[in-house]
Structure formats: structure tokens, C-alpha cells
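# Structure at a glance
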Amino acid sequence: MLGKILCVAEKPSIAKAVAGHLSGGSYQTANTGHTYTKNYTFDFDFGGQWGRCNVVMTCVSGHLTGVDFGPQYKSWDYPPPEALFDAEVMTLVDQDKTAIAKNIETQARGAMALFIWTDCDREGEHIGGEVRTEALKGNARIEVRRARFSNIEKVHVMHAAKNPIDLDQRQIDAVSARIELDLRIGYAFTRFQTKLIQALGGVLADTMISYGSCQFPTLGFVVDRYLRVKNFVPEKFWSIKIMHCREDIDVVFNWRRNHLFDRAVVVILFERCIAAKIAKVTKVLEKPTRKFKPYPLTTVEFQKAATSWLRMNGQTAMTIAENLYNKGFISYPRTETDRFDKGIDLKALVAKQIPDNRWGLYAQDLANGAFKQPREGRHDDKAHPPIHPIAHCEPAALNADEGKVYEFITRRFLACCSDDAKGQQTDVEIEYGDENFHTHGVIVLERNYLDVYPYHSWNNTVMLPNFTLGERFEPTEAMITDGQTSAPSYLTEADLISLMDANGIGTDATMAEHIAKIKEREYVFTRARGGGGGSNVDYAAARGRRGDRGGGRGPRGGGSARGAGNGGGGLEEFIPSKLGMALVDGYDRMELDISFSKPFLRKELELRMKAICEGTTTKQVVMCDSIRQYRRVFNDSKQRQSVLRSSCRRFVLEGAVQ
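Residues numbered from 1 in each chain as written. Predicted model: local features only at pLDDT ≥ 70, side-chain atom pairs only at ≥ 80, totals over all residues. Heavy atoms only, no water.

The subject of this paragraph is the UniProt feature "domain: Toprim" (unreviewed entry) in the protein chain. According to UniProt, the positions carrying the feature "domain: Toprim" (unreviewed entry) are residues 4-150. For residues 4-150, the end-to-end C-alpha separation is 25 Å, with 27% helix and 31% strand making up the annotated structure. (UniProt positions renumbered as here; feature names shortened; annotations may be inferred. Helix = DSSP H or I, 4+ residues; strand = E, 2+ residues; numbered from the N terminus.)

The next thing to look at is the sheet that holds strand β11 (residues 279-291). As summarised here, the arrangement of the 7 strands in space is β14-β11-β12-β13-β10-β9-β15, forming an open sheet in which the pairing is antiparallel. Because the sheet does not close on itself, it has two edges, and the strands there are β14 (472-473) and β15 (477-484). In the sheet, β11 pairs with strand β12 (residues 421-432) via 12 bridges, with the strands oriented antiparallel. Paired with Ala279 across the strands is Tyr432, a residue of β12. (Pairing = 2+ DSSP bridges.)

Attention now goes to the domain arrangement of the protein chain. Segmenting the protein chain into domains produces domain 1 (3-167), domain 2 (174-231 + 490-653), domain 3 (236-293 + 421-484) and domain 4 (299-416). Contact residues are listed per partner, giving 26 residues for domain 1 and 34 residues for domain 2. Carbon and sulfur atoms supply 60% of the area buried between domain 1 and domain 2, which totals about 2600 Å² over both sides. It is Trp76, Phe85 and Arg122 in domain 1 that bury the most area against domain 2; as a group they hold 38% of the surface buried on that side. Run the count over domain 1 and domain 2 and you get 4 salt bridges. In this structure, the connection of domain 1 to domain 2 is made through 9 residue pairs in polar contact (both at pLDDT 80 or more). At the level of elements, β5 (65-69) and α3 (122-138) are the ones that each hand at least two residues to the side of domain 1 that touches domain 2. Here the residues of the side of domain 1 that touches domain 2 sort into 10 nonpolar, 5 polar and 11 charged. (Domains from an automatic or database assignment. Contact = heavy atoms within 4.5 Å. Buried area = accessible area lost by both parts, 1.4 Å probe. Salt bridge = Lys/Arg side-chain N within 4 Å of Asp/Glu carboxyl O. Polar contact = N/O pair within 3.5 Å; in protein donor to acceptor, adjacent residues only side chain to side chain. Nonpolar A, V, L, I, M, F, W, Y, C, P; charged D, E, K, R; others polar.)

Let's shift gears to the pattern of salt bridges. One pass over the structure, following the stated rule, counts 40 salt bridges. A salt bridge links Glu376 to Lys342; its shortest N-O distance comes to 2.8 Å. Residue Glu376 is located in the loop between α11 (360-370) and α12 (400-416), and its partner Lys342 is located in the loop between α9 (314-326) and α10 (346-351); the two are separated by 34 residues in the primary sequence. Residue Glu376 is classed as partly exposed on the basis of its relative accessible area, which comes to 36%. Given the relative accessible area of 64%, Lys342 is considered exposed. Linking Glu573 and Arg527 is a salt bridge whose minimum nitrogen-to-oxygen distance equals 3.0 Å. Linking Glu573 in strand β17 (residues 572-576) with Arg527 in strand β16 (residues 524-528), this pair joins segments that are 46 residues apart in sequence. (Buried < 20%, exposed > 50% of the residue type's maximum accessible area, 1.4 Å probe, protein only.)

Evaluated as defined, the whole model comprises 36 aromatic pairs. With a centroid separation of 5.1 Å and 80° between ring planes, the pair formed by Tyr27 and Tyr40 is classed as edge-to-face. Separated by 13 residues along the polypeptide, Tyr27 in the loop between α1 (12-23) and β2 (28-31) and Tyr40 in strand β3 (residues 38-45) bring together distant segments of the chain. For Tyr40, a relative accessible area of 8% puts it in the buried group. Among the aromatic side chains, those forming a connected cluster through ring pairs are Phe85, Phe189, Phe192, Tyr211, Phe216, Tyr523, Tyr587, Phe596 and Phe634. A cation sits over an aromatic face here: Arg375 above Tyr295, 3.9 Å from the ring centre. (Phe/Tyr/Trp six-rings, centres within 6.5 Å; stacked < 30°, edge-to-face > 60°. Lys NZ or Arg CZ within 6 Å of the ring centre and 35° of its normal.)

Written out as C-alpha cells, the structure reads:
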């Protein structure tokens, strides 16, 4: 009689796909107590210590459990919010997941081993830990392993099944610590600021003011840029421009000083140029140049590209990418890696794109010898390769947005496997009077990757006529020009993701969720760049759960991007609402040791999570240190609460000009 192995995937689509590969398409399907969860039964030879076994493949649907406080802490009136820093936290199976948990417990009985097939990232490791807990209830002696995979291509799945590894308890502990801290911190500060601000009455009387340790710094970025734009005072400047016509080409020489803010000085320098009459060529340099092809695609770069070029927000783009992954068309879309492992057969992946009528001929050229090894970035999360296509997909198999995302990912991959664009540049410098001027020209000779990657452009500039080192000539025209400094632009989603990434706010997989959350809470709104459209939001009513349990994953496996806004349209910019302004202004004016609107607190917490994963600290140490730190900030905020109340009154109730 064959031994039994229980396999559990993170979502139904992955369970079905893995079962199909391991069984050769021949399996029996049984229903469970949960509508979308099936049990697939088949035989498979795992090799090694396991050999041929009877397999039951089933799944969960994201996290099985949640954390909460006991019923004695449900009232917002008593105990006080600060009691939540020490309150007992319960971990319970979510009510809508009890049938899934029971199925795992039942199927674990009699099984030799449990193979975890959750996504290979921190969150997936924690879900694997939840599955392990339920399986041990049914079989305390079951051996637990995990399959390491980054796409559901058959060869990859077969290799993962025959080479299981151990669950990483450090990653499980890191996520567990983050979930508990987000619960404690989010509930405590949400209750504190909500009761404080509701007491002001008016439109704020029924408003819940949710706090999230990732969302507040994200809001802070938006407010900071908004104030920089609003407070910007343009300053006038002057410059000198030289024109010279040669061989019917008008050449513009720009001033090396760029510009000065003192018109009188510019006039004096200009008059010296005019008095000199003759310009002298001091440098002529011709050399090859190139426009580098892009790095392999990470999650952060994908989200930025989606907002800039695909005209969809990051959360929508990630949901679509998850769907494409679940369908087997692309690799796992949550990755920090921007370099391909040497063991990946990139040429074989390129060859799969040859049938496509959009880029098939280009892929054929790469396969015929034009292939170049992709550039190697500096990031490798040791879990997943860069995002890339793993199977060809006909356009008719996808909806419009899925088609755009798949096309971008495929074109990016082909561009990575191409040569850089190449050209010839010419630089000429002249001395006119005592001032130096320069001009620059580029001729594109080989477009290479640009032929398949329309998201980059590189065009010829004016072709420069011949200049000889040391020659002298009288410029055709010289003039003084003027202008003024311009304000920075409001933040786009791509800008915001870049700031979050640089400051350690959230993970590559959660940044878009945090941005969606501050929009959902109406702390910010978006409008078309240039000031069109947008929302007239005066205050925010936070919706959904009380407190922030953020930092984890949102809908995984094709869930809707609720609250993410429209997936299409033009480039949008972020504007804070009046309540968003009030919250940042209030906490900033409290002059706390560590400001809520700045990224330092959350960045420090993210670094502590990383340290747990690396084994340089423990969950217990991080919990103690973080709770002590946030408790101190809470007590300081409580002592200075009148400042926050004043800001909310000024911005929201009295309608202060933002």
C-alpha cells in the first residue's frame, strides 16, 4: 500500500495546476466543505526517501488565521487605548476559513508528510506555518516540508516536488511579529485619535480616523510634496545663448554656467562676449555612445512602469499580474531580484515567443544569434527570479488589461535579452570672450532593444556640422535669455512608490496596497496631472476594519483591487485632503522625537523584521523593543493631543487654506 503525502497550495488555481503537472492530467476530484477548495487525488513518484506515494493536493485561500483582542477589549471607552500594548492577543482561524482548516486537519490523518506549496516569500512562509499548525492537529507526527518554486511551468513544478526544503521559521516569526505589532499599534492609535477628533463635532463627529504605521508615512510624502509646491516662490534668472549657422544647420551653444540670478552680472559677461567678437573651438569630441537596455523586472519597477506607461495603478497591475501567474503565463510577480540566475535557460524562454505576430520576428532574431545576456542588477532576494514570461499567450486569451500587462512583461524580457541601442555622439565646446559654451549631438546607429521596447525612446538630435579644434569663427547670433525656476510636480504613484522603496516603507508586494489604503480612507485623492478632474474631498471617513493590520498581502490569487481606483486613464497626481493635511500638520507640530509623518519608525520596524529573518535577533526581542518605542510615542502624543485637535479644527472645521 502506498504511503500518503498531503500537499497544500496557497490558492485553488495553483493547487489545480500543480496537481495537473504531477499527475500527468489524471487525478480524481473531491469537494470539501468550502466551495472553492477541492481535493485532487493521484499517485506520484517523489523519489528519494518518499518514493511513489498517494497524493492529496488541496489548498487554502490566503491566510487561514487572524489576530484579535479578547472581548474585554472590544469597548472603545474602557480599557483605555494604551492598555492594548499589553493586552493578550488571540490567533484564531477566520470564520470563513474554518472548513478549509478542518479539511487540512482531516487529510493530515494517516499522511507521512505535509508538503507546503505556498508562495515562496515571507507571507507565503507564514501561511505555510498556519497550514502546519492545522495539519499537526490531525497528525502530531507528520513531517513538514515545503516546495520551493517561482512559476508553475511543469519542469519547475516537478523539480520542486522532488527537492523539498524546510519551512523557514525565522520568516514565519518575522511576519507573526509584524501582524501582532500592526494590530496593537493600529488599534491603540486609531482609538486615541478617533475619540479625540470626533469630540470636535461637526463633520468629524462620526468619522473614524484609522492609523497605519505604513500609511501615515506614505501620507507624509504626499503632504510634504504638496507643501513644497504650494510654498514654492519662483525666482527669475538670466542666461546667454550663442547661435551659429554652418552648412545650413543652426547650432545652439549653451552657457556652461547655465544661468545666473543677477541680471546685471549676466549683462556684463554678455558684453564681454560681444566685445571679443570671435569664438574659439576648445574641444571637439566624437565617440560611440549607447542607451542601456533595462534591467530585469522587479515588482517595484513593474508597479512604477504600470502607472507611467500602462495607465493603471499599482494595485490593479499587481492583481492582473497575479492572475497571469495563476494561469501559468508569467513567473511569480512579487520579487526584489533584478538579475537572472545562470541556470535559467533564457534562450528557451525567448524561443517560446517566436509564434507571436507582434514580436515573434524579433524573438526569432534573438534566437538566431542576436541574443545578449541580460544586465545584472544588485538585488537578489534568493527566492524568485525577475518577472518574465514563461509561456506564450495569444491576445485573444486575455482581456484588454491582462493583454497590456502581459505585453509589457514580455517586451521587457525580450529587451533584457537584446543588445543596447548604439549611436555616435559629438560634443563641441567653444570659448567666447571669457565664457565657455557647449553643444551636443547624437546620431542613433543601431536601435536594437528599442525595436521591441516602445516604452523607451532615443532619437537623433540635430546633426552637427564639422568643427575643428582651435578654429576661430564669429557666431551668427548671441542673446540674453531669461526664465524662472519652476515648482516641483505633485507626486505620481510612480514617484510615491520610489519614495516608499527608498525609505523602507512596506515591501515590494505591499506598497500599492498602502497607497490604495490612504485613498480609500480619503486622506488623499488623485486627479489628472495638470489639475483636471479629481475629487473634492474635505475630510476622510476611514472604512473597513478598525486599526491597521497592514503590511501583509491583500487579495492574492486574483482578488479584486477594491479601493484602488480606476485602472485606466491618464497620469494622476496625489493631493492631500483637508483631513490628511490636518493629521500630518498636527503630529508634526507635536514635535515628537520621531514624527509619525516621516518614514523612520516604520523603516526601523522593517529592518527589525529583516533582522529576524537573518537570525541576528528574535521575535521576542523585536516585540519588546517595538512596543516600548511605540508606547513612548503614544504617551507623548497623548500629552500633546491639543496640538492635533487644533490642526483638525483649523483645516477641517474652519476650512484653512491648504
